[in-house]
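# Observations on the three-dimensional arrangement
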Amino acid sequence: MSMLTPPGMGGKYRVTGTAYPRMSRKRSRRRIVVAVLGSVLALALVGYGALQLIDVFRGDGPKRNTAAGAKDCPTKSPEAAAKGGGPEAASTASAPAKPAVVLPQPGTITVNVYNATPRAGLAKAVGDELAKRGFVIGSVGNAPADFDKKVPGTGILLGSPTTDKAVFAVLGTQLPGTTQQTDTRETADVDLILGDAFKELSTKEDADKALALLANPVPAPAKNC
């Protein structure tokens, strides 16, 4: 029996060659990998759960967003539902009517009509028509030198720095396309300086419609839901 034969094996088993038997450790690498993957998965689940809890306490969940979006659209009132109206009808029924804008009457506006064009008699013709529409006519004649033959547009409305914008708006309905300016005057009268592009005043019907629109502005359309 060789000296290399392990005890108890007798002479049946012999070690030959240059390789010697070695005792190997149990292979536990697979268990280690499985344990690591399980730990990573557990940590991921814990982190996801924590984020969900944070969203719940902060109120950022889908339900809250849906509820917030629903508040932007009017709900149908029982009265509107009975009449078959939609959310827009309910909103219109519940919203109070806007009061009409108080505009100065033409009889409270004094207008000086000046002609800055080469057309003779234009200032008088326009002044007479404005008088028929209720305006108070002051001076009528040729435009001052600062404006004579120097107004390429339809016309200029010239008043004091304290002139109410509504005065310009009311007078502007008679002659669309005018521009507004101020000077150093302290009186309440307004100059209407006719320019080269002037053709004629708006028809009384169109002017009345424009005045009505100023007094009762069209509300913005309801938001579609």
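Here is a short report on the structure shown in this document. (Residues numbered from 1 in each chain as written. Predicted model: local features only at pLDDT ≥ 70, side-chain atom pairs only at ≥ 80, totals over all residues. Heavy atoms only, no water.)

Take the overall build of the protein next. Per the secondary structure count, the protein includes seven helices and five strands. When its helices and strands are written in sequence order, the protein yields α-α-α-α-β-α-β-β-α-β-β-α. Within the protein, the fraction of its 225 residues that count as buried is 25%. Partitioning the contacts of the protein with sequence separation of at least 6, the portion at a separation of at least 24 is 71%. A total accessible area of about 16500 Å² is found for the protein, and carbon and sulfur atoms account for 60% of it. (Helix = DSSP H or I, 4+ residues; strand = E, 2+ residues; numbered from the N terminus. Buried < 20%, exposed > 50% of the residue type's maximum accessible area, 1.4 Å probe, protein only. Contact = heavy atoms within 4.5 Å. Areas by Shrake-Rupley, 256 points an atom, 1.4 Å probe, with all protein chains shown as cover.)

Turning our attention to the side chain of threonine 173. Among the structural elements, threonine 173 can be located in the loop between helix H6 (165-172) and strand E4 (179-182). At 2.5 Å, the side chain of threonine 173 forms a polar contact with the backbone oxygen of valine 170. Setting aside chain neighbours within four positions, we find threonine 173 in contact with Ser202, Ala207, Ala210, Leu211 and Leu214. (Polar contact = N/O pair within 3.5 Å; in protein donor to acceptor, adjacent residues only side chain to side chain.)

As for its placement among the helices and strands, leucine 103 is situated in the loop between helix H4 (87-94) and strand E1 (110-115). Note on leucine 103: relative accessible area 18%, which makes it buried. In the structure, leucine 103 is positioned 64 residues away from valine 167 in sequence and 7.8 Å away in space, judged by C-alpha atoms. Sequence-distant contacts of leucine 103, defined by excluding residues within four places in its chain, comprise Ala166, Val170, Leu211, Leu214 and Ala215.

Strands sit in the order E2-E1-E5-E3-E4 across an open sheet of five strands; the sheet is mixed. Among the strands making up the open sheet, the edge pair consists of strand E2 (136-142) and E4. Ignoring strand direction, the axes of neighbouring strands in this sheet form an average angle of 20°. Pairing geometry for E1 and E2, over five bridges, is parallel. Bridge pairing in E2 places threonine 110 opposite valine 136. Its contacts with the sheet place helix H5 (residues 122-132) against E1, E2 and strand E5 (190-194), and it is angled at close to 155° to E1. With respect to the sheet, H6 is in contact with E1, strand E3 (155-159), E4 and E5, its orientation differing from that of E3 by roughly 150°. (Pairing = 2+ DSSP bridges. Axes fitted to C-alpha atoms, helices over the stretch in contact; angles between N-to-C directions.)

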